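Chain by chain, the residues run as shown.
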Amino acid sequence: MSRQAKEQTKGQRQKPKAGAKKRATAPDGRKAIVSGGAKRLDVGTLVERWGAPIDGELLILALTHRSFANAAGAPNNERLEFLGDSVLGLVAAEHFYRHYPHLPEGRISRMHHATVSEPSLAQAARRIGLGDYLLLDTGADGYGGRERDSVLADAMEAMIGATYLCNGLEISKRVVHALLAPEFEDAEERAFLLDPKTPLQEWAAAGGHTPPEYSSHHEGPDHARVFHATVTIDGRVAGRGCGTSRKAAEIEAAAQACRAFGVFAARNG
């Protein structure tokens, strides 16, 4: 066979089939994520940020959203999410039990809930850029799935589940405490602000102010709607917020007002 024919044959063998999924290789040799499902393929960087090694297959599974799994006919991360939720709950419960021996059960329960809540986990996920590594189908990616609190929180729990399977409980504890350090530190305020509308209303009533009044509007298409809310007291805007629902926007507005008026400090002074 001539050199030209050999090169032509070689090129035909190397040409990918239409619709074939490309794969990348991480710096440590693991198979990385399917191209097109994730914005970034450098999973070695993600593992470094995460703080503990995870087996390559489990890592890919932890990053696989059900939208991508359904399109690809592959398993998703929901079983790992289930496991990670339990591990996270145990780590957080032990932390508050040991570090707050003077607090009653109801109070540490609220602090626990605030720390492992969807918004808290989503914030931690954003700090390490987890959303860029998630495997989403085109539709979920197009409507902002990488930035949705629910998607990010589920992925965090799936990663924690994978960490537990690969490394055991002690290393999982270390990872959780490192990644959620700000959330553990601010747990009391976070618990207070889970429902800031109630304490804000109580503060207004106790101080002779007008009851908080909320107004909101939304923008964007139905599948990616964003709500903006304001809370008014004594005829003046006391706080503003935005979110993917009217309730979330109003909660953020009330929380901003609570901070501005020192409601949390007054409760804990």
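Everything numeric here is computed off the predicted structure, so don't read it as measured data.

A.B. asks: Sorry, what's going on with the overall build of the protein chain here?
C.D. replies: Counting secondary structure elements, the protein chain contains 15 helices and five strands. Pairs at least 24 residues apart make up 57% of the contacts formed inside the protein chain by residues separated by at least 6 positions. Entry remark: accessible area of the protein chain is about 15000 Å², with carbon and sulfur atoms responsible for 51%.

A.B. asks: How should I be thinking about the packing of helix 5 (residues 78–99) against helix 9 (residues 149–167) in this particular structure?
C.D. replies: Each pair of packed helices can be described by the angle between their axes along with the distance between the axes. Interaxial distance between helix 5 and helix 9 falls to 6 Å at its minimum, and their mutual angle equals 80 degrees. Classed by the angle they form, the pair helix 5 and helix 9 counts as roughly perpendicular. Along its contact with helix 5, which presents Leu-80, Glu-81, Leu-83, Gly-84, Asp-85, Val-87 and Leu-88, the element helix 9 presents Asp-154, Glu-157, Ala-158, Ile-160, Gly-161, Ala-162, Tyr-164 and Leu-165. Among the residues forming the contact of helix 5 with helix 9, the class breakdown is nine nonpolar, two polar and four charged.

A.B. asks: Just checking my understanding: could you explain the nonpolar core for this structure?
C.D. replies: When a protein is soluble and globular, its nonpolar side chains tend to lie buried together. Counting residues in hydrophobic clusters, the biggest one holds 48 residues, and the most contacted among them are Trp-50, Leu-63, Phe-96, Leu-130, Leu-134, Met-156 and Met-159. Those elements that place two or more of their residues in this core are helix 2 (43–50), helix 3 (56–62), helix 5, helix 6 (105–115), helix 7 (118–127), helix 9, helix 10 (169–179) and helix 12 (187–193). Among the nonpolar cores identified, the runner-up in size contains twelve residues, and Phe-192, Ala-253, Ala-254 and Cys-258 belong to it.

A.B. asks: Sorry, what's going on with the sheet that holds strand 4 (residues 226–233) here?
C.D. replies: Hydrogen bonds between backbone atoms are what pair the strands of a sheet, whose relative direction is either parallel or antiparallel. What the three strands build is an open sheet, ordered 3-4-5; its pairing is antiparallel. Since the sheet does not close on itself, it has two edges, and those belong to strand 3 (213–219) and strand 5 (236–243), each with one partner. The average angle at which neighbouring strand axes cross in this sheet is 20 degrees, direction not considered. By the bridge criterion, seven bridges tie strand 4 to strand 5 in an arrangement that is antiparallel. Pairing of His-228 across the sheet is with Cys-242, part of strand 5. Here helix 14 (residues 246–261) sits on the sheet and contacts strand 3, strand 4 and strand 5; the angle it forms with strand 5, its principal contact strand, is near 135 degrees.

A.B. asks: Help me out: how do you make sense of the packing of aromatic side chains in this one?
C.D. replies: Within a pair of aromatic rings, the relevant descriptors are the distance that separates the centres and the angle that separates the planes. Here the structure, examined in full by the defined rule, presents three aromatic pairs. Ring centres of Phe-96 and Tyr-100 lie 5.9 Å apart, and the angle between their planes is 35 degrees; on these two criteria the pair is classed as tilted. The burial state of Phe-96 is the same as that of Tyr-100; both residues are buried. Summarising the aromatic geometry, the rings of Phe-96 and Phe-184 are spaced 5.7 Å apart at their centres and angled 45 degrees between planes, so their arrangement reads as tilted. Placement of Phe-96 in helix 5 and of Phe-184 in helix 11 (residues 181–185) is noted, with a sequence separation of 88 residues between them. A single burial state applies to Phe-96 and to Phe-184, both of which are buried.

A.B. asks: I keep staring at helix 2 and nothing clicks. Help me out?
C.D. replies: Given 3.6 residues per helical turn, the α-helix brings residues three or four places apart onto the same face. Turning to helix 2, its buried residues number three or more, namely Val-43, Leu-46, Val-47 and Trp-50. Buried residues along helix 2 cover an arc of 95 degrees about the axis, so they all sit on one side.

A.B. asks: In this structure, what is going on with the pattern of salt bridges? I would like to understand it.
C.D. replies: Working definition: two side chains of opposite charge can pair if their charged atoms are close together. This model, assessed by the stated rule, comprises 14 salt bridges. Salt-bridge contacts for Arg-66 lead to Glu-78; the nearest nitrogen and oxygen are separated by 3.3 Å. With a gap of twelve residues between them, Arg-66 in helix 4 (residues 66–72) and Glu-78 in helix 5 connect regions that are remote in the sequence. We classify Glu-78 as partly exposed; its relative accessible area is 33%. For Arg-126, the salt bridge identified is with Asp-149, shortest N-O distance 2.7 Å.

A.B. asks: Sorry, what's going on with the pairing of strand 4 here?
C.D. replies: Regular strands have side chains that alternate between both faces of the sheet. The sheet contact formed by strand 3 and strand 4 spans seven bridges and is antiparallel. Bridging across to strand 4, Glu-213 finds its partner in Thr-232. Between strand 3 and strand 4, which pair antiparallel one after the other, the connecting turn spans six residues, and Gly-220 there sits at a positive phi close to 95 degrees. The turn linking strand 4 back onto strand 5 is made up of two residues, and Asp-234 within it adopts a positive phi angle of 55 degrees.

A.B. asks: I keep staring at the environment of Gln-123 and nothing clicks. Help me out?
C.D. replies: If you trace the backbone, Gln-123 turns up in helix 7. C-alpha separation for the pair Gln-123 and Leu-179, spaced 56 residues apart in sequence, amounts to 9.9 Å. Not counting the four nearest positions on each side in its chain, Gln-123 is found in contact with Glu-183 and Arg-190.

A.B. asks: How should the side chain of Thr-163 be read in this particular structure?
C.D. replies: Relative to the assigned elements, Thr-163 resides in helix 9. Looking at Thr-163, the relative accessible area reads 1%, which means it is buried. Ignoring sequence-local partners within four residues, the contact set of Thr-163 consists of Trp-50, Ala-52, Ile-54, Gly-168, Ser-172 and Val-175.

Rules behind the numbers
Residues numbered from 1 in each chain as written. Predicted model: local features only at pLDDT ≥ 70, side-chain atom pairs only at ≥ 80, totals over all residues. Heavy atoms only, no water. Helix = DSSP H or I, 4+ residues; strand = E, 2+ residues; numbered from the N terminus. Contact = heavy atoms within 4.5 Å. Areas by Shrake-Rupley, 256 points an atom, 1.4 Å probe, with all protein chains shown as cover. Axes fitted to C-alpha atoms, helices over the stretch in contact; angles between N-to-C directions. Parallel < 35°, antiparallel > 145°, perpendicular 65-115°, else oblique. Nonpolar A, V, L, I, M, F, W, Y, C, P; charged D, E, K, R; others polar. Core = buried A, V, L, I, M, F, W, Y, C linked by side-chain atoms within 4.5 Å. Buried < 20%, exposed > 50% of the residue type's maximum accessible area, 1.4 Å probe, protein only. Pairing = 2+ DSSP bridges. Phe/Tyr/Trp six-rings, centres within 6.5 Å; stacked < 30°, edge-to-face > 60°. Arc of directions from axis to C-beta. Salt bridge = Lys/Arg side-chain N within 4 Å of Asp/Glu carboxyl O.

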